[in-house]
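# Residue-level structure breakdown
Residues per chain are reported as follows:
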Amino acid sequence: MSLSASDIARIASLARLQLASDESERMLSQINGFFDLVERMRSVDTAGVEPLAHPVAAVEDITLRLRDDVASEPDNREANQKSAPAVEAGLFLVPRVIE
């Protein structure tokens, strides 16, 4: 897929941008370069390749430094809801906006 100068002009118009001719040509080159890269990536056969959790895992064995999933804040629900105009069963009640 590649764009033409008229495509760039239309995109600029829709985005309410005023591009000078040199800016338009630069955008055309950059966007078409991006599309070329995407096409090259699509052409690579990835059948049987396991997804990586981290890109460095392809070259070295790494251990992700993730913290334990534990609650670090106390439960202050009641204190936080004291200033709410309406609360029911621990939930904030708000006015209906869609009929």
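Since the structure is predicted, the reported quantities are computational estimates derived from the model, not experimental observations.

Moving on, we come to the overall build of the protein chain. Within the protein chain one finds three helices and two strands. In terms of overall dimensions, the protein chain is more spread out than a globule: its C-alpha atoms have a radius of gyration of 26 Å, far above the 13 Å expected for 99 residues. By the burial criterion, 8% of the 99 residues in the protein chain qualify as buried. Nonlocal contacts in the protein chain, meaning residues at least 24 apart in sequence, comprise 25% of its contacts between residues at least 6 apart. Total accessible area on the protein chain stands at roughly 9600 Å², and carbon and sulfur atoms take up 54% of it. Each charge class in the protein chain was averaged separately, 10 positive and 17 negative side chains, and the resulting centres sit 7 Å apart.

Peptide bonds are mostly trans, and most non-glycine residues show a negative phi. Positive phi values are uncommon outside glycine, yet Arg16 reaches one of about 60 degrees. With respect to the helices and strands, the residue Arg16 is situated in the loop between helix H1 (5-14) and helix H2 (21-42).

The next subject is H2. Between its first and last C-alpha atoms H2 spans 31 Å; for 22 residues at 1.5 Å apiece the expected length is 32 Å, and the two agree. Those residues of H2 lying buried are Ser24, Leu28 and Asn32. The arc enclosing the buried residues of H2, seen along the axis, measures out at 60 degrees, which places them on a common side. Exposed residues pointing more than 90 degrees away from the buried face of H2 are listed as Asp22, Ser29, Arg40 and Met41. Residues of H2 that are buried sit in contact with H1.

Scanning all chains against the criterion turns up one salt bridge. One salt bridge connects Arg42 with Glu39, and the closest N-O pair in it is separated by 3.5 Å. Placement of the pair is Arg42 and Glu39 together in helix H2, with a separation of three residues, close to one helical turn.

Position of Ser24 relative to the elements: it lies in helix H2. Setting aside chain neighbours within four positions, we find Ser24 in contact with Ile8 and Leu19.

Per the counting criterion, the structure on display carries one aromatic pair. Summarising the aromatic geometry, the rings of Phe34 and Phe35 are spaced 5.8 Å apart at their centres and angled 55 degrees between planes, so their arrangement reads as tilted. Residue Phe34 is classed as partly exposed on the basis of its relative accessible area, which comes to 48%.

Basis of the calculations
Position numbers for residues start from 1 in each chain and track the written sequence from start to end. It should be noted that, the model being predicted, local features are given only for residues of pLDDT at least 70 and side-chain atom pairs only at 80 or more, the latter also being counted only at that level, while totals for whole chains, interfaces and linings use all residues. To get the side-chain values, take all heavy atoms of the structure and skip hydrogens and water. Secondary structure elements are defined from DSSP: runs of H or I of at least 4 residues count as helices, runs of E of at least 2 residues count as strands, and each element is numbered from the N terminus. Within these notes, the globule rule equals 2.2 Å times the number of residues to the 0.38 power, and the radius of gyration is based on C-alpha atoms. The buried label applies to any residue whose accessible area, calculated with a 1.4 Å probe on protein chains only, is under 20% of its type's maximum; exposed applies above 50%, and partly exposed to all values in between. Any two residues whose heavy atoms approach within 4.5 Å at even a single point are treated as in contact. For every accessible area listed, the method is Shrake-Rupley and the probe measures 1.4 Å; residues are considered covered only by the protein chains on display. Positive charge is attributed to Lys and Arg, negative charge to Asp and Glu, and no charge count is given to His or to the chain ends. Here the site of a charge means atom NZ of a Lys, CZ of an Arg, CG of an Asp or CD of a Glu. One less than the residue count of a helix, multiplied by 1.5 Å, gives the span that helix is expected to have. The directions considered for the arc are those from the helix axis to the C-beta atoms. A pair is scored as a salt bridge if a Lys or Arg side-chain nitrogen falls within 4 Å of a carboxyl oxygen belonging to Asp or Glu. Centre distance within 6.5 Å is the pairing criterion for rings of Phe, Tyr and Trp, where only the six-membered ring of Trp is used; planes under 30 degrees apart are then read as stacked, over 60 as edge-to-face, and the remainder as tilted.

Keep in mind that these numbers describe shape and distance, not what the molecule does.
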